[in-house]
Amino acid sequence: MLRRHLPLALLVLLATGGALEAQQSSAERRSTPAGERMATSQEEVFLAALRAVQDFALTPMPDSALWELAIQGLIQELNDPYATVLTRDEVENFEEESTGNYAGIGVQITELNQAVTITAVFRNTPADRAGLVVGDRIVGVDADVAEGWTVSDASSRIRGEPGTMVRVMIQRDGISQPIPHDIQRDQVHVPAVTSERIFGDIAYLHLDRVARNSAAEVDSVLRTIGDARGLVFDLRRNPGGYLDESLMMADLFLERGQVLASTKARTQGDGGVAREESAYARIAPRVPDLPIIVLVDQFSASAAEIVAGALQDHDRAVVLGERTFGKGTVQSVIPLPAGRLIRVTSGEWFTPLGRSLNRPRDRDGRVIEPDSIERFTSRAGRTLMGGGGVFPDVEVPSDTLSSLEQNFVRATVAAEIPLALRIQEVAFEEAQRFRSGTEASASIASEAFVGFQDRLVADGLDPAVLEPEVLEYLQWRLELTLFQRLDQLDRALEVQMDRDTALAAAVRMLQGARTQADLFAMVGAERERQALGWNFR
């Protein structure tokens, strides 16, 4: 009997011991400030609870796992959708995504036709200087043979510390033996900005993230657009990034002294009080007279919304597209021991007119409050909407697939056909054919398109879903991918406009405007077109 009740006896002893300890230290605690006593008591409770779980939980867990659960529980209870603690590997990925910098050789690789293939070589990188070209297939790295490799397998072997050497074995069309390339790894920067001219006189600038040096990249483009009649600034699907970069970016377009944005945030040592602070433009605008349209969608967030909101508030651009995501909060990123980081929401930001960009969300990203729409008036007398996110001056919804196109996509999923990969493979082969031929302009050859359809059917697709409308859609996707592969961004954008209603509307407006005032005057007409159900193309 005694053996059976031993655990209970131990629990009673532990509880009694705790009570005795509390009695013995009561005089000491009376002499300790209440706040300090509370903090000490909470720490003791937490550590005692941790020990109890370690000693008595039916399912034992290592200490490291328990501490990790405690950290995750702390973050979870904040009910902050943007709070997280990053592991060392996640910190490296975070830094790469937010800066565009990594240590490697400077290639983009994709798995095409069961081979890890180089699909882009970034300029002025080790790979560029070593002579690697698009179309090279990676068949080995150092002593490892690339048999059955994924892109991740190849990437993990190619990357490494700057200054170290890596041998990349390449198979190239027309050469029977693999070619070894001994390449010294270096820091590589992937630009966040792409730019081009559409129809010769419309400047197009796409920013895919607000990374380190993004403002300088945008500045470089603005200094070279010269005689363009207008600018399309595309911030769609831009998840944001660094606040200071977004402010420097907005500064490129606004007059000295104008408010760029304001924040209400906590800082270390402020006693829990959020402080308000505004940022102001400091430089002369780069393109003061150029008509501008900013494109946004529901995935434009964070620092991208700062830029769009600042230009809209100061009547510097027409914003066109969809209401933005509404991530109007500031996250502080604090280093932790062991190479980790914690990211926690510490403030909120506002547009120059005081519009809050934030739409509160729960941990799963769902909006948790009904929209409360406010109206603001710009200096030019335009009415702007507030209530979380940036509301476009002209709402143009994203293009969606027709019912026949949706049926086709569902059929490819049911047959487990990697449609995007098949499109990439055909476009890549056609791009290689064009590069090695004498044709004046690139296009998808009719036999290649038929072969593409045959490949889909051979993969298990029901040929009945290949309706004429679906074939037109596939032809469009192939042509768009082909011009992207050839780095003919101007042609790619012209093809994209066939189904990109927002871009088509922006180009049409800029072709009919000489000044920013002309664009604002056209906003009403565009809204009327939408109300009448006219096509934006």
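About the thresholds
- Residues numbered from 1 in each chain as written.
- Predicted model: local features only at pLDDT ≥ 70, side-chain atom pairs only at ≥ 80, totals over all residues.
- Heavy atoms only, no water.
- Helix = DSSP H or I, 4+ residues; strand = E, 2+ residues; numbered from the N terminus.
- Buried < 20%, exposed > 50% of the residue type's maximum accessible area, 1.4 Å probe, protein only.
- Contact = heavy atoms within 4.5 Å.
- Pairing = 2+ DSSP bridges.
- Right-handed = clockwise from strand over helix to strand, strands pointing away.
- Polar contact = N/O pair within 3.5 Å; in protein donor to acceptor, adjacent residues only side chain to side chain.
- pLDDT = per-residue confidence, 0-100.
- Patch = residues over 30% accessible without salt bridge, like charges linked within 9 Å, V, L, I, M, F, W, Y side chains within 5 Å.
- Areas by Shrake-Rupley, 256 points an atom, 1.4 Å probe, with all protein chains shown as cover.
- Salt bridge = Lys/Arg side-chain N within 4 Å of Asp/Glu carboxyl O.
- Axes fitted to C-alpha atoms, helices over the stretch in contact; angles between N-to-C directions.
- Core = buried A, V, L, I, M, F, W, Y, C linked by side-chain atoms within 4.5 Å.
- Parallel < 35°, antiparallel > 145°, perpendicular 65-115°, else oblique.
- Left-handed = near helix turned anticlockwise from the far one by under 90°.
- Nonpolar A, V, L, I, M, F, W, Y, C, P; charged D, E, K, R; others polar.

Let us now look at the overall build of the chain. A count of helical and extended segments in the chain gives 17 helices and 21 strands. Within the chain, the fraction of its 537 residues that count as buried is 42%. A fraction of 67% describes how many contacts in the chain between residues 6 or more apart in sequence connect residues 24 or more apart.

Turning next to the pairing of strand S11 (residues 202-207). For S11, the buried fraction is high: five of the six residues fall into the buried class. Direction of pairing for strand S10 (residues 193-198) relative to S11: antiparallel, over a ladder of six bridges. Bridge pairing in S11 links Thr194 to His206. Joining the antiparallel neighbours S10 and S11 is a turn of three residues, in which Phe199 adopts a positive phi near 55 degrees. As paired elements, S11 and strand S12 (residues 230-234) share five bridges and run parallel to each other. Of the residues in S12, the one forming a bridge with Ile202 is Gly230. Where the polypeptide runs from S11 across helix H8 (residues 214-222) and back to S12, its parallel neighbour, the crossover connection is right-handed.

Our focus in this paragraph is the side chain of Arg422. Along the chain, Arg422 falls in helix H12 (residues 419-436). A distance of 2.9 Å separates a polar atom in the side chain of Arg422 from a polar atom in the side chain of Asp459. The contacts of Arg422, once residues within four sequence positions are left out, are Ile417, Phe452, Arg455, Leu456 and Asp459.

Turning to the confidence of the model for the chain, a few remarks are in order. Predicted coordinates in regions of low pLDDT should not be interpreted in detail. When pLDDT is averaged across the chain, the result is 86; 89% of the residues are at 70 or more. Taken as a whole, residues 1-30 scores under 50 in pLDDT and shows five contacts with residues more than four places along the chain or in a different chain.

Together, Phe46, Leu47 and Trp67 make up an exposed nonpolar region whose accessible area comes to about 280 Å². Tracing the sequence through the fold places Phe46 in helix H3 (residues 34-56).

Our focus in this paragraph is the sheet that holds S10. Read from one edge of the open sheet, six strands run S10-S11-S12-S15-S16-S21, paired in mixed fashion. At either margin of the open sheet sits one strand with a lone partner, and together these are S10 and strand S21 (394-395). Pairing geometry for strand S16 (residues 318-321) and S21, over two bridges, is parallel. Note that in S21 the partner of Leu320 across the bridge is Val394. Along the sheet face, helix H16 (residues 501-511) touches S10, S11, S12, strand S15 (292-296) and S16 and points at about 170 degrees away from the line of S15.

Here we come to the nonpolar core. Membership of the largest hydrophobic core comes to 41 residues, with the highest contact counts inside it found for Leu207, Val218, Phe233, Phe253 and Val294. No other element matches helix H10 (residues 303-313), which puts six residues into this core. Look past the residues within four positions of Val294 in its chain and what remains in contact with it is Phe233, Leu235, Ala308, Leu311, Ala317, Val318, Val319 and Leu320. By size, the runner-up hydrophobic cluster in this structure holds 30 residues, among which are Phe434, Ala442, Val465 and Val470.

Turning our attention to unusual backbone geometry. Look at Asn79: it is not a glycine, yet its phi comes out positive at around 55 degrees. Structurally, Asn79 can be placed in the loop between helix H4 (63-77) and strand S1 (84-86). The phi torsion at Phe199 lies on the positive side, around 55 degrees, for a residue other than glycine. Position of Phe199 among the secondary structure elements: in the loop between S10 and S11. Of the residues examined, Phe199 reaches a relative accessible area of 43% and is grouped as partly exposed.

Here we take up the environment of Ile342. On the secondary structure map, Ile342 appears in strand S18 (residues 340-350). Residues Ile342 and Leu86, spaced 256 residues apart in sequence, show a C-alpha to C-alpha distance of 6.2 Å. Residues in contact with Ile342, not counting those within four places in the same chain, are Ile75, Thr84, Val85, Ser332, Val333, Ile334 and Leu336.

With that settled, consider the packing of H8 against helix H9 (residues 243-251). At a minimum axis distance of 8 Å, the contact between H8 and H9 shows a crossing angle of 20 degrees. Classed by the angle they form, the pair H8 and H9 counts as roughly parallel. Like other packed secondary-structure pairs, H8 and H9 cross with a definite hand, here right-handed. For the pair H8 and H9, the contacting residues are Ser214, Ala215 and Val218 in the first and Glu245, Met248 and Met249 in the second. For the contact of H8 with H9, a count of residues per class yields four nonpolar, one polar and one charged.

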